[in-house]
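Coordinate inspection notes
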Amino acid sequence: MISIRPETPADLTVIDSIHRAAFQNTGEARLVQHLRDAGKLTVSLVGLDGHLPVGHIAFSPVTVASGAVGAGLAPLAVLAPHRRQGIGAQLVTEGLQQCRAAGIGWVVVLGEPEFYARFGFVPAATVGLTDEYCGGSAFQALELLPGALPRDAGLVRYATEFAGLALPQG
Ligand SMILES: CC(C)(COP(=O)(O)OP(=O)(O)OC[C@H]1O[C@@H](n2cnc3c(N)ncnc32)[C@H](O)[C@@H]1OP(=O)(O)O)[C@@H](O)C(=O)NCCC(=O)NCCS
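Before going into details, it helps to say that this report is about the structure given with it. (Residues numbered from 1 in each chain as written. Predicted model: local features only at pLDDT ≥ 70, side-chain atom pairs only at ≥ 80, totals over all residues.)

**Description of the site of the ligand**
The immediate surroundings of the ligand are formed by 18 residues, with Arg 83, Gly 88, Ala 89, Gly 111 and Glu 112 found nearest. Looking at the shell around the ligand, the elements with two or more residues in it are helix H1 (12–23), strand S4 (69–78), helix H3 (87–101) and helix H4 (113–116). Of the residues belonging to the shell around the ligand, the class tally is eight nonpolar, six polar and four charged. (Near = placed C-beta within 6 Å. Helix = DSSP H or I, 4+ residues; strand = E, 2+ residues; numbered from the N terminus. Nonpolar A, V, L, I, M, F, W, Y, C, P; charged D, E, K, R; others polar.)

**Concerning the sheet that holds strand S2 (residues 43–49)**
Taken in spatial order, the seven strands of this open sheet run S1-S2-S3-S4-S5-S8-S6, and their pairing is mixed. Strand pairing shows two members of the sheet lacking a second neighbour, strand S1 (2–6) and strand S6 (122–123), which therefore form its edges. Summarising the sheet, S4 and strand S5 (residues 106–110) pair through three bridges and their orientation is parallel. The residue of S5 that forms the bridge with Ala 71 is Val 107. Where helix H2 (residues 27–37) meets the sheet, it contacts strand S3 (52–63) and S4, and its direction lies at approximately 140° from that of S4. (Pairing = 2+ DSSP bridges. Contact = placed C-beta atoms within 7 Å. Axes fitted to C-alpha atoms, helices over the stretch in contact; angles between N-to-C directions.)

**A word on the pairing of S4**
Remember that side chains alternate between the two faces of the sheet whenever the strand is regular. The element S4 is largely enclosed, with a buried count of nine among its ten residues. Pairing analysis gives eight bridges linking S3 to S4, with the strands arranged antiparallel. By the bridge assignment, Ser 60 is partnered in S4 with Gly 72. Between S3 and S4, which pair antiparallel and follow one another directly, the connecting turn spans five residues, one of which, Gly 67, has a positive phi of 100°. Assessed by its sense of winding, the connection that carries the chain from S4 through H3 to S5 is right-handed. (Buried ≥ 20, exposed ≤ 12 C-beta atoms within 10 Å, placed from the backbone. Right-handed = clockwise from strand over helix to strand, strands pointing away.)

Next up, the structure:
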């Protein structure tokens, strides 16, 4: 049975190994650790198959020049043997709901438009937002609370902990 819940201290080692395995490098695993250490994991959820964590999603603060704060979805990973069972989609859906419940009005992601369009994400360029990574159509935005999306605000900056990561993939 698949379930989604917030991370607990007991999950940290397995979250680390999920990202190392899914991305086949240490960048995303280290990013999650650094965000957690900095108190910037706004929402951090694990996806379980039974009692075993097999997926993880993180959200951290993003800002625009006007000072508006949203959330960046990154990283998202599910262990290969557990993919295509809807765990990734459930992590996104629950993560967005928890962001909304926390009063976060908008979210951005750098990811596959095919995957993220189903949650309502639109190309960020169509609402006047750009990213630091030349993400093009992969950079997408979603308004969670009416009127909250800072349209035409230009550059969206991820947390400083993202510096050094080639592309903060959601
Ligand atoms: C992306 C990832 C998290 C998806 O996890 P998952 O549990 O397999 O996702 P789901 O089962 O909820 O997939 C839902 C749908 O998204 C599709 N999908 C998954 N990854 C996709 C991708 N990269 N591009 C386009 N579609 C994708 C699946 O085909 C599935 O479609 P279907 O329902 O029509 O069959 C997983 O493949 C992963 O960990 N990849 C490696 C890490 C990574 O690249 N993360 C960034 C993703 S943008």
